[in-house]
Amino acid sequence: AEDAISSGVRAAIIGGTLVIGFMVVYFTIGGVIAMITLGINVIIVLGVLASIGATITLPGIAGIVLTIGMAVDANILIFERIREELTAGKTLPAAVSGGFDKVFSTIVDANLTTLITSGVMIWLGTGPVKGFGITLAIGIFATVFSALLITRMFLDLLVGGGLVRKIPMLSILKNPNYDFLKY
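Being a predicted model, the structure only gives us computed values, none of them experimental.

Calculation rules
- Residues numbered from 1 in each chain as written.
- Predicted model: local features only at pLDDT ≥ 70, side-chain atom pairs only at ≥ 80, totals over all residues.
- Heavy atoms only, no water.
- Phe/Tyr/Trp six-rings, centres within 6.5 Å; stacked < 30°, edge-to-face > 60°.
- Helix = DSSP H or I, 4+ residues; strand = E, 2+ residues; numbered from the N terminus.
- Buried < 20%, exposed > 50% of the residue type's maximum accessible area, 1.4 Å probe, protein only.
- Expected span 1.5 Å × (residues − 1).
- Contact = heavy atoms within 4.5 Å.
- Salt bridge = Lys/Arg side-chain N within 4 Å of Asp/Glu carboxyl O.
- Core = buried A, V, L, I, M, F, W, Y, C linked by side-chain atoms within 4.5 Å.
- Axes fitted to C-alpha atoms, helices over the stretch in contact; angles between N-to-C directions.
- Left-handed = near helix turned anticlockwise from the far one by under 90°.
- Nonpolar A, V, L, I, M, F, W, Y, C, P; charged D, E, K, R; others polar.

One pass over the full model with this rule turns up three aromatic pairs. Summarising the aromatic geometry, the rings of F22 and Y26 are spaced 5.3 Å apart at their centres and angled 15° between planes, so their arrangement reads as stacked. Of this pair, F22 and Y26 both sit in helix 1 (residues 2–27), four residues apart, which is roughly one turn of that helix. Accessibility expressed as a relative area gives 41% for F22, which makes it partly exposed. We classify Y26 as buried; its relative accessible area is 13%.

Encoded structure:
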């Protein structure tokens with residue numbers, strides 16, 4: 001069991017490092033902000049787990065890894081919406097505001113459905129399943145808080161304070177317009 005936990009931690013670190021690399025390269029300043037926010041998110045999750053006396057088990061590690069994935073997804077949604085707003089010709093402060101306005105319901109909806117699932121796991125599960133559900137539920141609250149409040153705070157401080165005048169982002173696919181339903 002200790003080997004499995006060690007392997008799980010190692011896999012989480014490797015995966016996390018790859019995600020950090022991708023986010024920083026692809027979203028540049030936005031990626032750095034997202035990774036700082038992600039670090040705060042994980043600290044919140046670990047802090048809540050420690051405060052309730054939970055021990056980290058393999059299902060707990062899985063819940064933290066899933067939380068990281070959901071937090072990264074939320075930040076990708078935020079920065080892609082900001083990109084859309086900038087492409088529409090808005091100023092950076094207006095793009096940040098518009099991006100968050102447009103992404104709010106998507107992030108809340110996605111996390112709410114996962115929260116319902118984790119609630120069922122907590123209610124009906126035992127042992128590892130219940131532990132995974134608890135860790136996931138804590139992670140969901142931390143993710144919504146981090147993505148919608150902390151990321152916004154950092155962006156407002158940097159953009160509103162004039163420290164950042166533009167947020168460069170890579171774009172692999174220019175003007176993607178594929179008719180998937182045709183195939």
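On we go from here.
With that settled, the discussion passes to the environment of L112. Its place among the elements puts L112 in helix 4 (residues 92–124). When the C-alpha atoms of L112 and A62 are compared, they prove to be 19 Å apart, with 50 residues separating the residues in sequence.

Turning our eyes to something else, we now look at helix 1. Taking 1.5 Å of rise per residue, 26 residues should cover 38 Å, and helix 1 covers 37 Å from first to last C-alpha, within 8% of that figure. Inspection of helix 1 places G8, G16, M23, Y26 and F27 among the buried residues, and these make up the whole buried set. Here the buried face of helix 1 lies against helix 2 (29–51) and helix 3 (58–87). Two residues or fewer after helix 1 comes T28, characterised by a positive phi angle close to 45°.

Attention now moves to the environment of T17. Within the secondary structure, T17 is located in helix 1. Residues T17 and T57, 40 residues apart in the sequence, show an inter-C-alpha distance of 21 Å.

Time to look at the pattern of salt bridges. Summed over all chains, the structure comprises five salt bridges. Here R83 and E80 are joined by a salt bridge, their closest N and O atoms 3.0 Å apart. Highlighted residues: R83 and E80, both in helix 3, separated by three residues, approximately one helical turn. For R83, a relative accessible area of 16% gives the class buried. With a closest N to O distance of 3.0 Å, E84 and R81 form a salt bridge. With a gap of three residues between them, E84 and R81 both fall in helix 3, about one helical turn apart. Each of the salt bridges in this network shares a partner with another, and the network as a whole consists of E85, K90 and K102.

With respect to the secondary-structure elements, T143 resides in helix 5 (residues 127–160). T143 has contacts with N41, T67, M70, A71 and N111, leaving out every residue within four places of it along the chain.

Our next topic: the nonpolar core. Across soluble globular proteins, you tend to see nonpolar side chains buried next to one another. With 26 residues, the main nonpolar core has I78, F79, I82, V96 and L155 as its most contacted residues. Of all elements in the fold, only helix 1, helix 2, helix 3, helix 4 and helix 5 reach the threshold of two or more residues within this core. Non-local contacts of I78, meaning those with residues more than four positions away in its chain, are made with F100, V103, I107, A147 and T151.

Turning to the packing of helix 2 against helix 3, a few remarks are in order. Relative to each other, helix 2 and helix 3 sit at 145°, their axes nearing to 10 Å. The two elements helix 2 and helix 3 meet at a crossing, and its hand is right-handed. Between helix 2, through G30, I33, A34, M35, L38, N41, V42, V45, L46 and L49, and helix 3, the contact on the second element is made entirely by I64, T67, I68, A71, V72, N75 and F79. Along the lines of polarity and charge, the residues of the contact of helix 2 with helix 3 split into 13 nonpolar, four polar and no charged.

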